[in-house]
Amino acid sequence: NPEDGSIEFVSPPWDVESHGDAPIVEVSLNGYNWTNWCTHYEYRTFSLASFEPEKGPAGVTLKLRGDGLRACAGTSVRFTVTRADSGEVLTNVVAGLFDEAEGCVTCEAPVFEGLTGSFTAKIELALNGQQYMGLPEGGLEFKYEQPKGKKK
């Protein structure tokens, strides 16, 4: 980024158990001349286990829990809905915030324009805004419910 002198990259797959969690990263702009800064890059692994509440209206605050969660600049939560009537896949990504006191990531369930009634959204988390992870068996599912009207 010419504005702040930063370089962004997508890290390749890495086997932390075989190679450790802090490989050295060197940079080349031409493929021949490399930096020799000996900068270590930390691979952050995490897993999701649960979230609460399991159902509610758009705008409700969710708490995602798991192992290895921490504060990261790119923390985001992806909600994916497959429309029952057309099979169309709708995706909404919202910012996630790490709550250090509770050890969880919080976010607000986003609005899905045009969807009414109850429907289910798959939830996935990314600590870097790029590689999303849910549960291996299809992910976590949040059930959207329309807010109940006030009784007269």
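Structural data are supplied above this passage.
Let me sum up the structure you'll find in this document. Quantities reported herein were computed from a predicted structural model and do not represent experimental measurements. (Residues numbered from 1 in each chain as written. Predicted model: local features only at pLDDT ≥ 70, side-chain atom pairs only at ≥ 80, totals over all residues. Heavy atoms only, no water.)

### Topic: the nonpolar core
Next up, step 1: Core analysis: the biggest nonpolar cluster contains 25 residues, and L64, F79, I123 and L125 have the highest contact counts within it.
Next up, step 2: Among the elements of the structure, β3 (47-52), β5 (61-67), β6 (76-82), β7 (89-95), β9 (104-108), β10 (119-126) and β11 (140-144) are those that each provide at least two residues to this core. (Core = buried A, V, L, I, M, F, W, Y, C linked by side-chain atoms within 4.5 Å. Buried < 20%, exposed > 50% of the residue type's maximum accessible area, 1.4 Å probe, protein only. Helix = DSSP H or I, 4+ residues; strand = E, 2+ residues; numbered from the N terminus.)

### Some remarks on the pairing of β7
Next up, step 1: As defined by bridge partners, β6 adjoins β7 across seven bridges and the pair is classed as antiparallel. What sits directly across from V77, in β7, is V94.
Next up, step 2: With antiparallel pairing between neighbouring strands as the criterion, β6 and β7 make up a hairpin whose turn holds six residues, including G87 at a positive phi of roughly 80°. (Pairing = 2+ DSSP bridges.)

### Re the pairing of β6
Next up, step 1: Of all seven residues that make up β6, five are buried, and the element is covered over most of its length.
Next up, step 2: Sheet analysis places β6 next to β10, joined by five bridges and oriented antiparallel. In the sheet register, T80 faces β10, and the bridge partner there is K122.

### Side note on the packing of aromatic side chains
Next up, step 1: Under the criterion given, the structure shown has five aromatic pairs.
Next up, step 2: Considering the side-chain rings of F112 and Y144, the 5.8 Å spacing of their centres and the 90° angle between planes classify their relative orientation as edge-to-face. Taken together, the residues F112 in the loop between β9 and β10 and Y144 in strand β11 connect sequence positions 32 residues apart.
Next up, step 3: Using a relative accessible area of 7% as the deciding quantity, one classes F112 as buried. (Phe/Tyr/Trp six-rings, centres within 6.5 Å; stacked < 30°, edge-to-face > 60°.)

### Observations concerning the sheet that holds β3
Next up, step 1: What the four strands build is an open sheet, ordered β3-β5-β9-β8; its pairing is antiparallel. At either end of the open sheet lies a strand with only one pairing partner, and these are β3 and β8 (97-99). Direction aside, the axes of adjacent strands within the sheet are offset by 35° on average.
Next up, step 2: Taken together, the five bridges between β3 and β5 define a ladder with antiparallel strand orientation. (Axes fitted to C-alpha atoms, helices over the stretch in contact; angles between N-to-C directions.)

### Notes on the sheet that holds β6
Next up, step 1: Strand order in the open sheet made by the five strands is β4-β11-β10-β6-β7, with mixed pairing throughout. For this open sheet the edge positions go to β4 (55-56) and β7, each flanked by a neighbour on one side alone.
Next up, step 2: Inspection of the sheet shows β4 paired to β11 by two bridges, in the parallel sense. Directly across from K55, in β11, lies its bridge partner K143.

### Comments concerning the side chain of T75
Next up, step 1: By the element assignment, T75 lies in the loop between β5 and β6.
Next up, step 2: Assessed through its relative accessible area of 7%, T75 is described here as buried.
Next up, step 3: A distance of 3.0 Å separates the side chain of T75 from the backbone oxygen of C72, its partner in a polar contact.
Next up, step 4: In contact with T75, not counting residues within four places along its chain, are R70, A95, G96, V105, L125, A126 and L127. (Polar contact = N/O pair within 3.5 Å; in protein donor to acceptor, adjacent residues only side chain to side chain. Contact = heavy atoms within 4.5 Å.)

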